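# A look at the structure
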Amino acid sequence: MKKIVILTGAGISAESGVSTFRDSNGLWRNNRIEEVASPIAWENNRELVLEFYNQRRKQLFEVEPNDGHKWLVKLEQQYDVQIITQNVDDLHERAGSSNILHLHGELKKVRSTRDPELIYTLDHWELKDGDKCELGSQLRPHIVWFGESVPMIEPAVSVVTGADIFIVIGTSMVVYPAASLINYVNTEVPKYYIDPKAFSVPGISNLSIIAEKAGTGVPKLVKRLLKSE
Ligand code: OAD
């Protein structure tokens, strides 16, 4: 079976009603990153950080996967599919994809501030100041904040180097190290970039641009890939 590796970003969840970060009205247009998504923010204004992620989590309980997520699942009929997502939502999981690596953490998970191995899944949206792990220390969102390392990048690189086909969907490709993953794909491997604002990435060969929303671009590409096998 050929291996398809797919890198997704906020754009694939946009049609589900989840805000992207850098589009007009995106989350980083209305919130300052350093005030809600950094270790310093957590030190200085925990309430604001908790509230920011509580609102994101609350919304996640209200939205559903869209055609972009759902069509990717169909690829598993004929390919070994690995999704690498920058998204902290669980819409790929709920659509039914089997192999998902979260680079930037998961919104429905929280972890101990004393032992990062102590990770819990919430079945409700609100994480409060005073909610503690079993060791008695405050729980924090299980999210990679700015200035923190990205522990899943090494497994992601190793997956990407084995790709026979590489697909990028709904990401501005400005956040590193995620955006560097495409550099690890073999030169001759066919690559596709689905995003209304997709651009040709400097130094990357065999890249086809599909300048469409995920809801239409993904079904189109998936039909093509299923036919071609
Ligand atoms: P961005 O907000 O930077 O980019 C979203 C991309 O989605 C843009 O390129 C849009 O053109 C595209 N887009 C919008 N609507 C779309 C649609 N319907 N279908 C397909 N694409 C669409 O989001 P990311 O690239 O995901 O990290 O941002 C990367 C990281 O930056 C995030 O994981 C987050 C953020 O800071 C952390 O919070 C750690």
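Since we're looking at a predicted model, the values are computed, not measured.

### Description of the pairing of strand β7 (residues 165-169)
By the criterion of burial, β7 is predominantly enclosed, with five of the five residues buried. The alternating pattern of β7 places Ile165, Ile167 and Ile169 and Phe166 and Val168 on opposite faces, both of which are buried. Judged from the five bridges that link them, strand β1 (residues 3-8) and β7 form a sheet pairing that is parallel. The partner of Thr8 across the bridge, within β7, is Ile169. Bridging between β7 and strand β8 (residues 191-194) involves four bridges; their strand directions are parallel. Within β8, the residue paired with Phe166 across the bridge is Lys191.

### Concerning the sheet that holds strand β6 (residues 139-143)
Pairing is antiparallel in the open sheet, where three strands are placed in the order β5-β4-β6. The strands lining the two open edges of the sheet, one partner per strand, are β5 (119-121) and β6. Recorded for the sheet is a direction-independent mean angle of 45° between the axes of neighbouring strands. With five bridges connecting them, strand β4 (residues 105-112) and β6 associate as antiparallel partners. Bridging across to β6, Ser112 finds its partner in Leu139. Lying on the sheet, helix α5 (residues 46-60) is in contact with β4 and β6; it crosses β4 at an angle near 130°.

### Here's the deal with the site of the ligand
Surveying the vicinity of the ligand reveals 23 residues, the closest of which are Phe21, Arg22, Thr171, Ser172 and Asp195. Within the backbone of Gly170, a nitrogen or oxygen atom sits 3.4 Å from an oxygen atom of the ligand. Contact distances for the ligand include 2.5 Å between an oxygen atom and a side-chain N or O atom of Ser172. Here the ligand, which alone exposes 800 Å², has 93% of that area covered by the protein.

Calculation criteria
Residues numbered from 1 in each chain as written. Predicted model: local features only at pLDDT ≥ 70, side-chain atom pairs only at ≥ 80, totals over all residues. Heavy atoms only, no water. Buried < 20%, exposed > 50% of the residue type's maximum accessible area, 1.4 Å probe, protein only. Helix = DSSP H or I, 4+ residues; strand = E, 2+ residues; numbered from the N terminus. Pairing = 2+ DSSP bridges. Axes fitted to C-alpha atoms, helices over the stretch in contact; angles between N-to-C directions. Contact = heavy atoms within 4.5 Å. Near = heavy atom within 4 Å. Polar contact = N/O pair within 3.5 Å; in protein donor to acceptor, adjacent residues only side chain to side chain. Areas by Shrake-Rupley, 256 points an atom, 1.4 Å probe, with all protein chains shown as cover.

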